[in-house]
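Close look at the chain arrangement
These are the residues of each chain, in order.
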Amino acid sequence: MQSEPRSGCPINAAVEVLGDSWTMLVLRDIMFGNRRHFRELLMGSEEGIASNILSSRLKQLTAAGLLTREDAQRGQRAMYSLTEAGIQTLPVMVALGNWGLAYRVGPERLRVRAELLRDGGPDLVAGMMDELRELHVGIPLPDPTAPRPSERLQAAHGNAMRVDVAPWSPAPIERQA
């Protein structure tokens, strides 16, 4: 990975780190799927990332300061954690998700989290960032008794997985879990 961006443009500098589609998907899976080990990321990829691509992206994200890698002891797996810079990509993810909701189609089970983040507004995004800080950086939640945004996202996704509307069918179909 090159150390200096091609130009001083902040958009260019961000795109050089985040502009690859696999990079954003790896961050998404760490943020929303709490997949923090290589095998979890590989096996849980909706898009079917190849192991060499995943390895490369994890190295790039670590080198760019968006992830840390906790070295594994013998018999253990290395664990990846978001840094504050990685957590700060959540609003970028939300913006990309909003664009995708507006201009692309897809099954409800894959859209539901983006819809909830869009509809929940800045407070939900801020709450999600606080949760990510607790989980990845060890910073306690400002209000540990407040409802957790991740639970709302998981419940919405779980409901969408059970009942999804096929694009060719006007009625919901029950999914077998």
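All of these numbers come straight from a predicted model, not from anything done at the bench. (Residues numbered from 1 in each chain as written. Predicted model: local features only at pLDDT ≥ 70, side-chain atom pairs only at ≥ 80, totals over all residues. Heavy atoms only, no water.)

1. Here we look at the overall build of the protein chain
Counting its secondary structure elements, the protein chain contains eight helices and four strands. Overall, the protein chain shows an N-to-C arrangement of helices and strands of α-α-α-α-β-β-α-α-α-α-β-β. Counting all 177 residues of the protein chain, 35% fall into the buried class. Sequence separation of 24 or more characterises 49% of the internal contacts of the protein chain that already satisfy a separation of 6 or more. Counting only carbon and sulfur atoms, one obtains 55% of the accessible surface of the protein chain, whose full area is about 10,900 Å². (Helix = DSSP H or I, 4+ residues; strand = E, 2+ residues; numbered from the N terminus. Buried < 20%, exposed > 50% of the residue type's maximum accessible area, 1.4 Å probe, protein only. Contact = heavy atoms within 4.5 Å. Areas by Shrake-Rupley, 256 points an atom, 1.4 Å probe, with all protein chains shown as cover.)

2. Looking at the packing of helix H7 (residues 108-137) against helix H8 (residues 149-162)
Between H7 and H8, the shortest axis-to-axis distance is 9 Å and the interhelical angle comes to 175°. By the criterion of interaxial angle, the relationship of H7 to H8 is roughly antiparallel. Across from Glu-108, Arg-109, Val-112, Arg-113, Leu-116, Leu-117, Leu-124, Gly-127, Met-128 and Glu-131 in H7, the residues of H8 making contact are Pro-149, Ser-150, Arg-152, Leu-153, Ala-156, His-157, Ala-160 and Met-161. When its residues are assigned to classes, the contact of H7 with H8 shows ten nonpolar, three polar and five charged. (Axes fitted to C-alpha atoms, helices over the stretch in contact; angles between N-to-C directions. Parallel < 35°, antiparallel > 145°, perpendicular 65-115°, else oblique. Nonpolar A, V, L, I, M, F, W, Y, C, P; charged D, E, K, R; others polar.)

3. Overview of unusual backbone geometry
With a phi close to 50°, Asn-34 is a non-glycine residue in the positive phi region. By secondary structure assignment, the location of Asn-34 is in the loop between helix H2 (21-33) and helix H3 (38-43).

4. Remarks on H8
Look at H8: 20 Å from first C-alpha to last across 14 residues, which is about the 20 Å you get at 1.5 Å a residue. Turning to H8, its buried residues number three or more, namely Pro-149, Ser-150, Leu-153, Ala-156, His-157, Gly-158 and Ala-160. (Expected span 1.5 Å × (residues − 1).)

5. Things to note about the packing of aromatic side chains
Describing an aromatic ring pair means giving the distance of the ring centres and the angle of the ring planes. On inspection of all chains with the given rule, the structure shows one aromatic pair. Judged by centre distance (5.4 Å) and plane angle (40°), the rings of Trp-99 and Tyr-103 are tilted. Here Trp-99 and its partner Tyr-103 are both found in helix H6 (residues 90-103), four residues apart, which amounts to about one turn of the helix. (Phe/Tyr/Trp six-rings, centres within 6.5 Å; stacked < 30°, edge-to-face > 60°.)

6. What to know about the nonpolar core
Judged by nonpolar contacts, the single largest core of 32 residues is most densely connected at Leu-27, Leu-67, Leu-82 and Leu-90. Residue contributions to this core peak at eight residues, all from H7. (Core = buried A, V, L, I, M, F, W, Y, C linked by side-chain atoms within 4.5 Å.)

7. Overview of the environment of Val-112
Structurally, the position occupied by Val-112 is in helix H7. Assessed through its relative accessible area of 10%, Val-112 is described here as buried. Discounting chain neighbours no more than four positions away, the residues touching Val-112 are Ala-156, His-157 and Ala-160.

8. Topic: the pattern of salt bridges
One pass over the full model with this rule turns up twelve salt bridges. Here Asp-20 makes a salt bridge to Arg-57, at a shortest N to O gap of 2.8 Å. With Asp-20 in the loop between helix H1 (10-18) and H2 and Arg-57 in helix H4 (residues 51-63), this residue pair connects regions lying 37 residues apart in the sequence. Judged by relative accessible area, which is 11%, Arg-57 ranks as buried. (Salt bridge = Lys/Arg side-chain N within 4 Å of Asp/Glu carboxyl O.)

9. Describing H4
For H4, which comprises 13 residues, the first-to-last C-alpha distance of 18 Å matches the rise-based estimate of 18 Å (1.5 Å per residue) to within 8%. For H4, the full list of buried residues reads Leu-54, Arg-57, Leu-58 and Leu-61. Buried positions in H4, seen along its axis, are confined to an arc of 100° and lie on one side of it. Exposed residues pointing more than 90 degrees away from the buried face of H4 are listed as Asn-52, Lys-59 and Ala-63. Buried residues belonging to H4 abut H2, H3, strand E1 (67-70) and strand E2 (79-82). (Arc of directions from axis to C-beta.)

Honestly, it's all geometry; don't read function into it.
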